[in-house]
Amino acid sequence: MYPAAPPLAPPVRAGDVGQTSRQAEHSGVGQPPLRPWSRVWRYLAAVGIAMALWLAVGVDMLPVDDTALPPDEEARVAGALVLDALLGIVGLALLPMRRRHPVLTACLTALFTAVSAAAIGAAVVAAVSVATWRRWRWVAPVVGMWVAATVCYEAVWRPAIVDDAVTVGFAALSGGLAVGIVATCVATGYYVGARRELLVTLRVRAETAEREQALKAEAARVAERTRIAREMHDVLAHRISLVAMHAGALAYRTDLSAEETAEAAGVIQRSAHLALTELRQVLGVLRADGAGGDAAEPPQPTLVQVDELVEAARTHVTVTVDQSGLPGPHLLATVPATVSRTAYRVVQEALTNTCKHAPGSDVVVRLAGGPGGLLTVEVENGPPRRDVASAQGTPGAGLGLVGLAERVGLAGGALEHLPGPDGSFTVRAWLPWEEDE
């Protein structure tokens, strides 16, 4: 009795939204700005290191007891201490350039340490700063400059000031100490750079997630408005078609009695009133959505109300409902809500098209199936009667069946519609009827 159902389309599921995280990297165009305190404590640390080392050098070069130095040695010591302090100050003055010219600043401050212990404070800050870029090509010359400057200070500069010979082992020990200090600076800089990159990455991911969430919300609003527009079409098209049918009958049928004319006018009035009521409900939902309100959407009809739909169409066509394919008519209430609404829309669209294009024809609405299988909905109308006026003036978008096929596909079903050689037309849908657990 019923044709075999075609393969059903797979149910539509929400796809996993893939997120591609963009990692930030330091490309040499600049570093993230420092806060005022972060900038101040770096300068304070450089000044503190410089003063401590300058005092240590003064204690080392000056005699511990009250023994007077020879005049020439005293002059050399005094000049060395003054030069040490001046280069330390110059090194501190170069620190503001460490972000625009990191390698140059780090190399110059490291070079000053060849004759100035006070410059080590600025050199430490500059070495950490250049290491935050995490580029070995930049770090390698700074490390080499540190080792060379330390060996020069201990093997050449200091012996020339205090007339104290330095052994090769002591010079090697000094170079190793310099390597340890600059290695600590480099490790610290790499850690700071990695932490900055992590923070930037997390910030970018958070901003991306916020944008994606906003796009999802906007897409949800658009989808909901599209759904409401479909509901508006499905609801109003049927009502307005009935109004057009009866108005056409009044215009073309001049042989109607007063009772028939009054009955047709009453149907027009009721259909127009229902159409306006449903239009107000749909527009109320749209206004509430745009204004941020929380108005409840009116309940959508289901297959249980199919008798009311059929009764409204009987003024134009002869409709028969065949439910012999169901285990029992009471099972219609157990059809899932989405499938039941979709089946109702199938019957509604088919009856609307029949009233438009085949008035007076005989229509059979067949329902078959059962839980755990498929719900089959078939609406078949015969050829239109020649003696009944059709609503040729009723406007239509020609997309009713297209939208219906999309609705059925979203519900996981299949739809077919085919005309017969005698002018008949059949709309048939198969929908999944899941069994209640």
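Residues numbered from 1 in each chain as written. Predicted model: local features only at pLDDT ≥ 70, side-chain atom pairs only at ≥ 80, totals over all residues. Heavy atoms only, no water.

J.: Can you help me understand the overall build of the chain in this one?
T.: What the chain contains, in helices and strands, is 10 helices and five strands. Long-range contacts, defined here as pairs at least 24 residues apart, represent 75% of the contacts in the chain between residues at least 6 apart. Total accessible area on the chain is roughly 24200 Å²; 62% of this is exposed by carbon and sulfur atoms. (Helix = DSSP H or I, 4+ residues; strand = E, 2+ residues; numbered from the N terminus. Contact = heavy atoms within 4.5 Å. Areas by Shrake-Rupley, 256 points an atom, 1.4 Å probe, with all protein chains shown as cover.)

J.: So what exactly am I meant to see when it comes to the environment of W138 here?
T.: Along the chain, the position of W138 falls in helix α5 (residues 136-162). W138 sits in the partly exposed class, given a relative accessible area of 23%. Here the alpha-carbon distance between W138 and V103, two residues 35 residues apart in the chain, equals 6.0 Å. For W138, the residues in contact, after removing those within four places along its chain, are P102, V103, V130 and W133. (Buried < 20%, exposed > 50% of the residue type's maximum accessible area, 1.4 Å probe, protein only.)

J.: I keep staring at helix α10 (residues 400-410) and nothing clicks. Help me out?
T.: Helical periodicity: at 3.6 residues per turn, an α-helix aligns residues three or four positions apart in one direction. Within the span of α10, buried status applies to G400, L401, L404, R407 and V408. Buried positions in α10, seen along its axis, are confined to an arc of 115° and lie on one side of it. Among the residues trailing α10, G412 stands out with phi positive, at a value near 85°. (Arc of directions from axis to C-beta.)

J.: Any chance you could explain unusual backbone geometry here in plain terms?
T.: Most peptide bonds take the trans form, and the phi angle of most residues other than glycine is negative. Notably, R134 is not glycine yet its phi reads approximately 60°, a positive angle. Within the element layout of this structure, R134 appears in the loop between α4 (120-131) and α5.

J.: Would you mind showing me how to read a nonpolar patch on the surface here?
T.: Side chains of W37, V40, W41 and L44 sit close together on the surface and give an oily, nonpolar patch of about 450 Å² of accessible area. In this structure, W41 sits in helix α1 (residues 36-61). (Patch = residues over 30% accessible without salt bridge, like charges linked within 9 Å, V, L, I, M, F, W, Y side chains within 5 Å. Salt bridge = Lys/Arg side-chain N within 4 Å of Asp/Glu carboxyl O.)

J.: Help me understand the pairing of strand β3 (residues 373-381), please; the structure alone is not making it clear to me.
T.: Consecutive residues of a regular strand have side chains that alternate between opposite faces of the sheet. Across seven bridges, strand β2 (residues 362-369) lies against β3 in antiparallel orientation. Looking at β3, one finds that V365 is bridged to V379. The hairpin turn running from β2 into β3, its antiparallel successor, is three residues long, and G372 in that turn takes a positive phi close to 85°. (Pairing = 2+ DSSP bridges.)

J.: What should I look at first to understand the packing of aromatic side chains in this one?
T.: Two aromatic rings, taken as a pair, are described by how far apart their centres are and by the angle between their planes. In total, this model carries two aromatic pairs according to the counting rule given. Here W133 and W138 contribute two aromatic rings whose centre-to-centre distance is 5.5 Å and whose plane-to-plane angle is 55°, an arrangement assigned as tilted. Relative to Y190, the ring of W136 lies with its centre 5.5 Å away and its plane at 40°, an arrangement referred to as tilted. Highlighted residues: W136 in helix α5 and Y190 in helix α6 (residues 168-252), separated in sequence by 54 residues. Between R135 and the ring centre of W138, over which it is positioned, the NZ or CZ distance is 4.7 Å. (Phe/Tyr/Trp six-rings, centres within 6.5 Å; stacked < 30°, edge-to-face > 60°. Lys NZ or Arg CZ within 6 Å of the ring centre and 35° of its normal.)

J.: Before we go on, may I ask you to explain the pattern of salt bridges in this structure?
T.: Going through the model one piece at a time under the given rule, you end up with six salt bridges. Between R366 and E380 there is a salt bridge, with the nearest N and O atoms lying 3.1 Å from each other. One end of the pair, R366, is in strand β2; the other, E380, is in strand β3, with 14 residues separating them in the sequence. Overall, the relative accessible area of 17% leaves R366 in the buried class.

J.: I'm lost on the confidence of the model for the chain in this one. Help?
T.: Detailed reading of predicted coordinates is not advised where the pLDDT is low. A residue-level look at the chain finds 78% of positions with pLDDT of 70 or above and a mean pLDDT of 78. This model gives residues 11-30 a pLDDT under 50, and the stretch forms 27 contacts once residues within four places in sequence are excluded. Here residues 389-393 is a poorly scored stretch, pLDDT under 50, and it has seven contacts once near neighbours within four places are set aside; other chains count. (pLDDT = per-residue confidence, 0-100.)

J.: Got a minute to help me understand the environment of L108 in this structure?
T.: Position of L108 relative to the elements: it lies in helix α3 (residues 102-112). Assessed through its relative accessible area of 32%, L108 is described here as partly exposed. Distance in space between the C-alpha atoms of L108 and A119 is 9.8 Å, their sequence separation being 11 residues.

J.: Which parts of the structure should I look at to understand the packing of α3 against α4?
T.: Helix-helix packing: each pair is described by the crossing angle between the helix axes and the interaxial distance. Remark: α3 packs on α4, axes separated minimally by 8 Å, with the N-to-C direction vectors making an angle of 150°. The angle between α3 and α4 places the two elements in the roughly antiparallel class. Crossing angle aside, the handedness with which α3 passes α4 is left-handed. Residue-level contacts link P102, V103, T105, A106, T109 and A110 of α3 to A122, A123, A126, A127 and V130 of α4. Residue composition of the contact of α3 with α4, by class: nine nonpolar, two polar and no charged. (Axes fitted to C-alpha atoms, helices over the stretch in contact; angles between N-to-C directions. Parallel < 35°, antiparallel > 145°, perpendicular 65-115°, else oblique. Left-handed = near helix turned anticlockwise from the far one by under 90°. Nonpolar A, V, L, I, M, F, W, Y, C, P; charged D, E, K, R; others polar.)

J.: Looking at this structure, how should I read the sheet that holds strand β4 (residues 414-419)?
T.: For sheets, the rule is that strands pair by backbone hydrogen bonds, running either parallel or antiparallel. Across the sheet, which stays open at both edges, the five strands sit in the order β1-β2-β3-β5-β4 with mixed pairing between neighbours. In this open sheet, the two strands that pair with only one neighbour each are β1 (318-325) and β4. Going across the sheet, the axis of each strand differs from the next one's by a mean of 10°, ignoring polarity. Across the sheet, α10 lies against β4 and β5 (425-433), angled at about 150° from β4, the strand it touches most.

J.: Looking at this structure, how should I read the side chain of S361?
T.: As for its placement among the helices and strands, S361 is situated in the loop between α9 (337-357) and β2. Residue class for S361 comes out buried when judged on its relative accessible area of 1%. Among the polar contacts made by the side chain of S361, one reaches the main-chain carbonyl oxygen of A358 at a distance of 2.7 Å. Look past the residues within four positions of S361 in its chain and what remains in contact with it is V317, T318, T354, N381, G382, P383 and P384. (Polar contact = N/O pair within 3.5 Å; in protein donor to acceptor, adjacent residues only side chain to side chain.)

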